[in-house]
Amino acid sequence: MIEEVLRQLPTESTQQVVGYPTLFLLVAVGSLVPVVPTGALVSTAAVVTLHQTSPFALLVVFAVASGAAFLGDICLYWLGQRGVRSRNGSKWLEAITRRAAPERLAQAQRKLDEHDTMVLVLSRLVPAGRIPVMLACLLGRMPLKQFARGDVPACLAWAATYQLIGILGGSLFAEPWEGALAAVVLTVLISGTPALWRRLRARMAG
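Residues numbered from 1 in each chain as written. Predicted model: local features only at pLDDT ≥ 70, side-chain atom pairs only at ≥ 80, totals over all residues. Heavy atoms only, no water.

A. Examining the pattern of salt bridges more closely. Summed over all chains, the structure comprises two salt bridges. The partner of aspartate 73 in a salt bridge is arginine 130, with the nearest N and O atoms 2.7 Å apart. Taken together, the positions of aspartate 73 in helix 4 (residues 56–85) and arginine 130 in helix 8 (residues 130–139) put the pair 57 residues apart, joining distant regions of the chain. Both residues of the pair, aspartate 73 and arginine 130, belong to the buried class. Here the salt bridges share partners, and the residues they tie into one network are Asp73, Arg124 and Arg130. (Salt bridge = Lys/Arg side-chain N within 4 Å of Asp/Glu carboxyl O. Helix = DSSP H or I, 4+ residues; strand = E, 2+ residues; numbered from the N terminus. Buried < 20%, exposed > 50% of the residue type's maximum accessible area, 1.4 Å probe, protein only.)

What follows is the structure, given as structure tokens:
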């Protein structure tokens, strides 16, 4: 997946014709179905852009990534709302519920009660934090407009964070693939370490 994006972003003209729409599509789909490593994609795109195009193009990558993440979040929330309103639920609501551990959901509901939509910003930055907070918003019957207002700064902060990871990785290495690899490894560590730590704690407690 990441290698495909790298091949499709060799020049500025290719980025404009193919790379940016591809990045937008993958990030949007990854926000709906979390099987696409969206953070790694944004970091990789930032590395390639830093090495092969003008610095202004980094702003385009930021706009594309944050816009796609917002669109994906809004679509997923809207689908979840349909499930909440339906007597029989929906497959989307069930999918969101399965991806939210009960203890994380309870924590998200407490934080949402205390800090309202500001929790959305942190949920996008904390690994595996987005879905529990979104589910808490759904179960609390938060209107779509209110969710959207909180999700805008969340997506902007998320895109800026992972783009910064890519810029740092790209600036440390002369070759784009080296910077991309460093960025991917870093994003994987960031996203995977908390889950690994929770599993270790659970085993030690058991």
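B. The arrangement of empty space enclosed by the protein in detail. The tally for this structure, following the rule as stated, stands at one cavity of 30 Å³ or more. As for the largest cavity, its lining consists of Asp73, Leu120, Ser123, Arg124, Arg130, Met134, Phe147 and Asp151. Listed by contribution, the elements that provide at least two residues to the lining of the largest cavity are helix 7 (118–125), helix 8 and helix 9 (144–172). Each residue belonging to the lining of the largest cavity can be placed in one class, and the counts come to three nonpolar, one polar and four charged. (1 Å grid on protein atoms, 1.4 Å probe; cavity = no way out; pocket = protein on both sides within 12 Å on 5 of 7 lines; lining within 4 Å. Points joined across faces, edges and corners; volume = space filled by probe spheres on them. Nonpolar A, V, L, I, M, F, W, Y, C, P; charged D, E, K, R; others polar.)

C. Up close: the packing of helix 6 (residues 102–115) against helix 8. Running from N to C, helix 6 and helix 8 point in directions that differ by 65 degrees, and their axes come no closer than 8 Å. Crossing handedness for the pair helix 6 and helix 8: right-handed. Touching Arg104, Leu105, Ala108, Gln109 and Leu112 of helix 6 are Pro132, Val133, Leu135, Ala136, Cys137 and Leu139, all from helix 8. Its residues placed into classes, the contact of helix 6 with helix 8 shows nine nonpolar, one polar and one charged. (Axes fitted to C-alpha atoms, helices over the stretch in contact; angles between N-to-C directions. Left-handed = near helix turned anticlockwise from the far one by under 90°. Contact = heavy atoms within 4.5 Å.)

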